Amino acid sequence: MIQKILAWILRRYYVNVNRKANPEAHTQRTHPVNIPSRDDTRKIPARHYSACDEGKPLIVYFHGGGWVIGDLETHDALCAKLNQVTGCAVLAIDYRLAPEHRFPAAFEDALDATIWAAEQLDVLTDASTQLIVAGDSAGGNLAAAVSLNLPEIARASLAGQVLIYPVTEYYLSGYQSYIDKGKGYALSKTLMHYFWNTYLGEKFSDLATAESKAKTALPGTYEDLSTMPKTFLSTAENDPLRDEGIAFKDALIRASVATRYQHFADSEHGFATAPGADPEAVRQIELINEWIATL
């Protein structure tokens, strides 16, 4: 009950913060989409930003928020700007959240939505046969997990992944940034612990135990990353997740995955969702656009 009450409070706060950071209305053409789930007993809500240039890949976007908060509204400004700058259609996924729906619910929705999108590229894009999975924070975690677990028939369409300050490992990994940047910023060590424990449904005593129970939640623990697509990965200096993002970037390079890395030295976790107020958020989208042109 306490977790549900706290989740409700955090969700309201997160929506209000993003509204204040993005006061302008967004006029991109959007359409609601209901994606079939794996058991076909429910639909996965999504929002399609449909204006696009011919041949540009579809961006399947997973919002951040620790698998507990965030929705189509909190990330509307980011997705709208991404659509506007890149000329790519964007499909934003409203996956199930914890504590109402714990792991692997969010991952299953992300995977199912991507498989469906790969089958619907002719409807969702203007003559494209490619898609990019993308996300920030917990959404970056889902994007990476999808890339690692996408079945071959859908993988043929996967051209790249965009991982914005992604979560890649359980918080007991011991990275220095959890110590150096764990207090005083938008994302704290304590809040990240709450997100992990709420998502997984329990607090594990070590990384090995977490990995054995929730492998697909921990892309940073995969030994073989060579199947991952071309990658754009960013980190923020003032972020507890900084070092695990850097470690994942290094692992991708060792696996010979073509990787474009960008570090934002003056930013903190969450800056990407404020393209209406933060110039670095806009700059990041412009860099993503440059990277997409190389695919």
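The structure we're discussing is the one just above.
Residues numbered from 1 in each chain as written. Predicted model: local features only at pLDDT ≥ 70, side-chain atom pairs only at ≥ 80, totals over all residues. Heavy atoms only, no water.

Participant: Lay out the overall build of the protein chain with the relevant residues and their values.
Facilitator: Counting its secondary structure elements, the protein chain contains eleven helices and eight strands. Over its C-alpha atoms the protein chain spans a radius of gyration of 17 Å, differing by no more than 12% from the 19 Å that the globule rule assigns to 295 residues. Projecting the C-alpha coordinates of the protein chain onto the three principal axes gives extents of approximately 50 × 40 × 40 Å. Burial analysis of the protein chain (295 residues in total) assigns 57% to the buried set. (Helix = DSSP H or I, 4+ residues; strand = E, 2+ residues; numbered from the N terminus. Rg over C-alpha atoms; globule rule 2.2 N^0.38 Å. Buried < 20%, exposed > 50% of the residue type's maximum accessible area, 1.4 Å probe, protein only.)

Participant: Before we move on, can you summarise a nonpolar patch on the surface with the specific residues and values?
Facilitator: Judged by side-chain polarity, Ile5, Leu6, Trp8 and Ile9 come together as a nonpolar surface patch covering roughly 410 Å² of accessible area. Relative to the helices and strands, isoleucine 9 resides in helix H1 (residues 2–21). (Patch = residues over 30% accessible without salt bridge, like charges linked within 9 Å, V, L, I, M, F, W, Y side chains within 5 Å. Areas by Shrake-Rupley, 256 points an atom, 1.4 Å probe, with all protein chains shown as cover. Salt bridge = Lys/Arg side-chain N within 4 Å of Asp/Glu carboxyl O.)

Participant: Let's hear about the sheet that holds strand S6 (residues 158–164): which residues, and what values?
Facilitator: What the eight strands build is an open sheet, ordered S1-S2-S4-S3-S5-S6-S7-S8; its pairing is mixed. Strand pairing shows two members of the sheet lacking a second neighbour, strand S1 (30–36) and strand S8 (259–268), which therefore form its edges. The average angle at which neighbouring strand axes cross in this sheet is 20°, direction not considered. Summarising the sheet, strand S3 (residues 58–62) and strand S4 (residues 90–93) pair through four bridges and their orientation is parallel. Across the sheet, phenylalanine 62 pairs through a bridge with isoleucine 93, a residue of S4. (Pairing = 2+ DSSP bridges. Axes fitted to C-alpha atoms, helices over the stretch in contact; angles between N-to-C directions.)

Participant: How would you explain the side chain of arginine 47 if you had to name every residue and give the values?
Facilitator: Along the chain, the position of arginine 47 falls in strand S2 (residues 43–49). Given a relative accessible area of 16%, arginine 47 falls into the buried group. At 2.4 Å, the side chain of arginine 47 forms a polar contact with the side chain of glutamate 73. For arginine 47, the residues in contact, after removing those within four places along its chain, are Thr30, His31, Leu72, Glu73, Asp76, Val90, Leu91 and Ala92. (Polar contact = N/O pair within 3.5 Å; in protein donor to acceptor, adjacent residues only side chain to side chain. Contact = heavy atoms within 4.5 Å.)

Participant: Pulling in residues and values, what's your account of the side chain of histidine 63?
Facilitator: Residue placement: histidine 63 occurs in the loop between S3 and helix H2 (76–86). By relative accessible area, histidine 63 is classed as buried at 2%. Only 3.4 Å separates the side chain of histidine 63 from the backbone oxygen of glycine 70, close enough to count as a polar contact. Residues contacting histidine 63, with those up to four places away along its chain left out, are Ile69, Gly70, Asp71, His75, Ile93, Asp94, Tyr95, Leu97, Asp136, Ala138 and Gly139.

Participant: So what's going on with the layout of surface pockets? Residues and values would help.
Facilitator: Leftover empty space is mapped by rolling, across the atoms, a probe with the size of a water molecule. Taken as a whole, the largest pocket encloses approximately 490 Å³ of empty space. Surrounding the largest pocket, 25 residues form its lining, Tyr14, Ala186, Leu187, His269 and Gly270 being those nearest its centre. If you tally residues by element for the lining of the largest pocket, the top one is H1, at six residues. A class-by-class count of the residues in the lining of the largest pocket yields 16 nonpolar, seven polar and two charged. (1 Å grid on protein atoms, 1.4 Å probe; cavity = no way out; pocket = protein on both sides within 12 Å on 5 of 7 lines; lining within 4 Å. Points joined across faces, edges and corners; volume = space filled by probe spheres on them. Nonpolar A, V, L, I, M, F, W, Y, C, P; charged D, E, K, R; others polar.)

Participant: Please give an account of the pattern of salt bridges that cites residues and values.
Facilitator: All told, the structure shown has 13 salt bridges when counted by the stated rule. With a shortest N-O distance of 2.4 Å, glutamate 73 and arginine 47 are connected by a salt bridge. Taken together, the residues span a long stretch of sequence, with glutamate 73 in the loop between S3 and H2 and arginine 47 in strand S2 at a distance of 26 residues. The partner of arginine 242 in a salt bridge is aspartate 243, and the shortest N-O contact between them spans 2.7 Å. Across the pair, aspartate 243 and arginine 242 agree in class, each one buried. In this structure, a network of salt bridges that share partners links the residues Arg42, Arg96, Glu108 and Asp109.

Participant: Quick rundown of unusual backbone geometry? Include the residues and the values.
Facilitator: Here the amide bond leading from alanine 98 into proline 99 is cis, since omega sits at 5°, within 30 degrees of zero. Its location among the elements puts proline 99 in the loop between S4 and helix H3 (105–119). Cis geometry marks the peptide bond from phenylalanine 103 to proline 104; its omega dihedral reads 10°. Within the secondary structure layout, proline 104 lies in the loop between S4 and H3.

Participant: An account of helix H10 (residues 242–254) is requested, with residue identities and associated values reported.
Facilitator: With 13 residues, H10 extends 19 Å between its outermost C-alpha atoms, agreeing within 8% with the 18 Å of an ideal straight helix rising 1.5 Å per residue. Those residues of H10 that sit buried are Arg242, Asp243, Glu244, Gly245, Phe248, Lys249, Ala251 and Leu252. If you follow the buried residues of H10, they end up packed against helix H5 (138–149), S6, helix H7 (177–180), strand S7 (230–238) and S8. (Expected span 1.5 Å × (residues − 1).)

Participant: Could you give me a rundown of the pairing of strand S5 (residues 131–136), with the residues and numbers involved?
Facilitator: Taking burial as the measure, the six residues of S5 include six buried ones, the bulk of the element. Here S5 shows a buried face lined by Leu131, Val133 and Gly135 and a second buried face lined by Ile132, Ala134 and Asp136. As judged from the five bridges shared by S3 and S5, these two strands associate in the parallel manner. The residue bridging isoleucine 59 from the neighbouring strand is isoleucine 132, located in S5. In terms of strand pairing, S5 meets S6 through six bridges, oriented parallel. Paired with leucine 131 across the bridge in S6 is leucine 158.

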